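# Examining the three-dimensional arrangement
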Amino acid sequence: MTLISEQQIADTKARYGIEQLERASIRQLVMMVSDLEALSGVDFVRMELGVPGLSPAPQARAAEHAVIDSPLLAQYPALNGNPSLRQALSQFFKSFMNVDVPADNCIPTAGAMQASLAAFWLVANLHPTRTKILFLDPGFPTQIQQVQSLGIAYERVDVFAQRPRRVADQIRPYLENGDIAGIVYSNPSNPVWNCLAPEELEEIAALCDAHETIALEDLAYFGMDFRVDYSQPNQPPYPPSMGHYTHRCIQMFSGSKLFNYAGQRTGAVVIPEALMAIESEQLKARFGYASLRNALLFGVIQPTTAGLCQSAQAGFEGALRAMLDGKWNPLIEARAYEQRAVKLKAALSAHGFELLYDADGDTPIADGFYFAFGHPAYPDAGLAQALIEFGVSATPLTDAGAHHKHGLRACVGLMTDDDLHRIVGRLAAFQEAHA
């Protein structure tokens, strides 16, 4: 027996202008499920929104409170961020990724979302003919919304569906066309948690160098491939990065998932000096500044947020320094996501669901923040709504550029032990209804 009626779902979909759940944005889905909870009195098992469920570092909170109680609150932040935060970011990238980037090139942003917006906008305006962005999918649909809102053309290729995987071979034809300005990917990936291996990144880096294309590396889930311990500073192993193989790499860093600081919208765009020093007539025509550095600061940061707020900068720096000083290890704490994913995957598999994108080559993907799943009764569409009827919500892969368009993304960020217990009964009822 279902917990939510088809009429309740239809009415709520209409309220948010949703014709098909497969085409709904993540935020539309979140608001819809919240309304259904209030309307029905049913506490959903919620897996649709990528929200961290762990606590920020005490040092981050203390640093932010100190600023709130200080005169800094009356002062505008610098466009390029506070010097001490830039230094902490530079030190972090050296210590935990073995990538050298000058502090002046580590620019705080309002989350990795502003970092990616800046990167897309800049790289697509560096050259008169290289104006497209290539997405290595499955990827984050909101980044597609960003390039669409900026009027930037784009291409998409699902690099994780093919077995055996041939990422460089798949993307080479796009680069040979001569119109790709940047390649964007996340490692681990949102939504399916696949990871590009070092040898794959090295091959892609060589292609970027050969075709003057810039890699846009989304580090929203920095170090969270739990098959390897990346939590120790200044010693290998380091998280795989295109920055190890080419200077043609812009990194978009987030404080949301690694530092559990999502509510304060902290992040950074990290740019090697070889790119930051570029001058382009195309940049000047678009932003009024020929150098990439000035175009970033005065053409992108200033007219969007005019800098990251003072208190968030302080909290962000507090988290960075707590990790650098060995006083806090969020990558160890984040293994709670790994444990939740193991239990949730087992529950889904036991009740007739299938795991999608479940391997990197011959190696099972890490258990972590996200994974993808489907059900044989829904080879095309309808699984998201069918689960909602049983009080379970997850995000469709449709807009993620996934080959497996019928699948859903599960996020374990907010799942509790009670959720993991309740979902077993709901999946059992779903299985009985689909026997």
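Residues numbered from 1 in each chain as written. Predicted model: local features only at pLDDT ≥ 70, side-chain atom pairs only at ≥ 80, totals over all residues. Heavy atoms only, no water.

### Regarding the overall build of the protein chain
- If you tally the helices and strands in the protein chain, you get 16 helices and 15 strands.
- Expressed along its principal axes, the backbone C-alpha trace of the protein chain runs to roughly 65 × 55 × 45 Å.
- Residues classed as buried in the protein chain amount to 56% of the 435 residues present.
- On the protein chain, roughly 17200 Å² of surface is accessible, and the fraction owed to carbon and sulfur atoms is 50%.
- For the protein chain, the separation between the mean place of its 32 positive charges and that of its 47 negative charges on side chains is 3 Å. (Helix = DSSP H or I, 4+ residues; strand = E, 2+ residues; numbered from the N terminus. Buried < 20%, exposed > 50% of the residue type's maximum accessible area, 1.4 Å probe, protein only. Areas by Shrake-Rupley, 256 points an atom, 1.4 Å probe, with all protein chains shown as cover. Lys, Arg positive; Asp, Glu negative; His and termini not counted. Charge placed at Lys NZ, Arg CZ, Asp CG, Glu CD.)

### So, unusual backbone geometry
- Residue D137 is joined to P138 through a cis peptide bond whose omega torsion reads -5 degrees.
- In this structure, P138 sits in the loop between β3 (132-137) and α6 (141-149).
- Put simply, R163 and P164 share a cis peptide bond, and its omega is -5 degrees.
- Checked against the element boundaries, P164 lands in the loop between β4 (154-158) and α7 (167-176).
- In this structure, N98 takes a positive phi of about 60 degrees despite not being glycine.
- Inspection of the secondary structure puts N98 in the loop between α4 (83-97) and β2 (106-110).
- The class for N98 is partly exposed, based on a relative accessible area of 35%.

### Details of the pattern of salt bridges
- Under the defined criterion, the tally for this structure stands at 22 salt bridges.
- Of the charged contacts, one joins R156 and D137 as a salt bridge, the two residues approaching to 2.7 Å between their closest N and O atoms. With R156 in strand β4 and D137 in strand β3, this pair connects stretches of sequence that are 19 residues apart.
- We classify D137 as buried; its relative accessible area is 1%.
- We note a salt bridge from D169 to R172, for which the minimum N-O separation is 2.9 Å. Placement of both D169 and R172 in helix α7 is noted, with a separation of three residues, approximately one turn of the helix.
- For R172, a relative accessible area of 29% translates into the label partly exposed.
- Residues joined in a network through salt bridges with shared partners are R165, E200, D225, R227 and D360. (Salt bridge = Lys/Arg side-chain N within 4 Å of Asp/Glu carboxyl O.)

### A closer look at helix α8 (residues 198-211)
- Along its 14 residues, α8 runs 20 Å from first to last C-alpha, staying within 8% of the 20 Å computed at 1.5 Å per residue.
- For α8, the full list of buried residues reads E200, L201, I204, A205, L207 and C208. The arc enclosing the buried residues of α8, seen along the axis, measures out at 160 degrees, which places them on a common side. Exposed side of α8, more than 90 degrees from the buried face: E199 and A210 are the residues found there.
- The elements touched by buried residues of α8 are β3, α7, β5 (180-186) and β6 (214-219). (Expected span 1.5 Å × (residues − 1). Arc of directions from axis to C-beta. Contact = heavy atoms within 4.5 Å.)

### Points about the environment of Q87
- By the secondary structure assignment, Q87 is in helix α4.
- Separated by 14 residues in the primary sequence, Q87 and V101 place their C-alpha atoms 9.9 Å from one another.
- Excluding residues within four positions of it along the chain, Q87 makes contact with A103 and R321.

### Section: the pairing of strand β15 (residues 408-411)
- Taking every second residue as pointing to the same face, both faces of β15 are buried, with L408 and A410 on one and R409 and C411 on the other.
- Alignment of strand β12 (residues 370-374) against β15, held across four bridges, turns out to be antiparallel. Counted as the bridge partner of A372 is R409 from β15. (Pairing = 2+ DSSP bridges.)

### Notes on the nonpolar core
- Ranked by size, the top nonpolar core spans 78 residues in total, and within it M47, F92, F253, F259, L344 and F373 carry the most contacts.
- For this core, the element with the most residues is α4, which contributes seven residues. (Core = buried A, V, L, I, M, F, W, Y, C linked by side-chain atoms within 4.5 Å.)

### As for the sheet that holds strand β14 (residues 395-396)
- The strand order β9-β12-β15-β14 describes an open sheet built from four strands, whose pairing is antiparallel. What marks the edges here is a single partner per strand, and that holds for β9 (354-356) and β14.
- Packed on one face of the sheet, helix α14 (residues 335-350) meets β9, β12 and β15 and runs near 0 degrees to β12. (Axes fitted to C-alpha atoms, helices over the stretch in contact; angles between N-to-C directions.)

### Quick word on the packing of α14 against helix α16 (residues 417-433)
- The interhelical angle for the contact between α14 and α16, taken along N-to-C directions, is 15 degrees, at an axis separation of 9 Å. The angle between α14 and α16 places the two elements in the roughly parallel class. For the pair α14 and α16, the sense of crossing is right-handed. Within the contact between the two elements, α14 uses R340, K343, L344, A347, L348 and A350 and α16 uses D417, L420, I423, V424, L427 and Q431. (Parallel < 35°, antiparallel > 145°, perpendicular 65-115°, else oblique. Left-handed = near helix turned anticlockwise from the far one by under 90°.)

### A few points about the layout of surface pockets
- The volume enclosed by the largest pocket comes to roughly 910 Å³.
- For the largest pocket, the lining is made up of 47 residues, of which I26, M113, F140, T142 and N190 are closest to its centre.
- Contributions of two or more residues to the lining of the largest pocket are made by α2 (26-40), α5 (111-123), β3, α6, β5 and β14.
- It is α6 that provides the largest number of residues to the lining of the largest pocket, a total of six residues.
- Taken together, the residues of the lining of the largest pocket sort by class into 22 nonpolar, 15 polar and ten charged.
- Roughly 500 Å³ of internal volume is contained in the second largest pocket. (1 Å grid on protein atoms, 1.4 Å probe; cavity = no way out; pocket = protein on both sides within 12 Å on 5 of 7 lines; lining within 4 Å. Points joined across faces, edges and corners; volume = space filled by probe spheres on them. Nonpolar A, V, L, I, M, F, W, Y, C, P; charged D, E, K, R; others polar.)

By themselves these figures say nothing about function.
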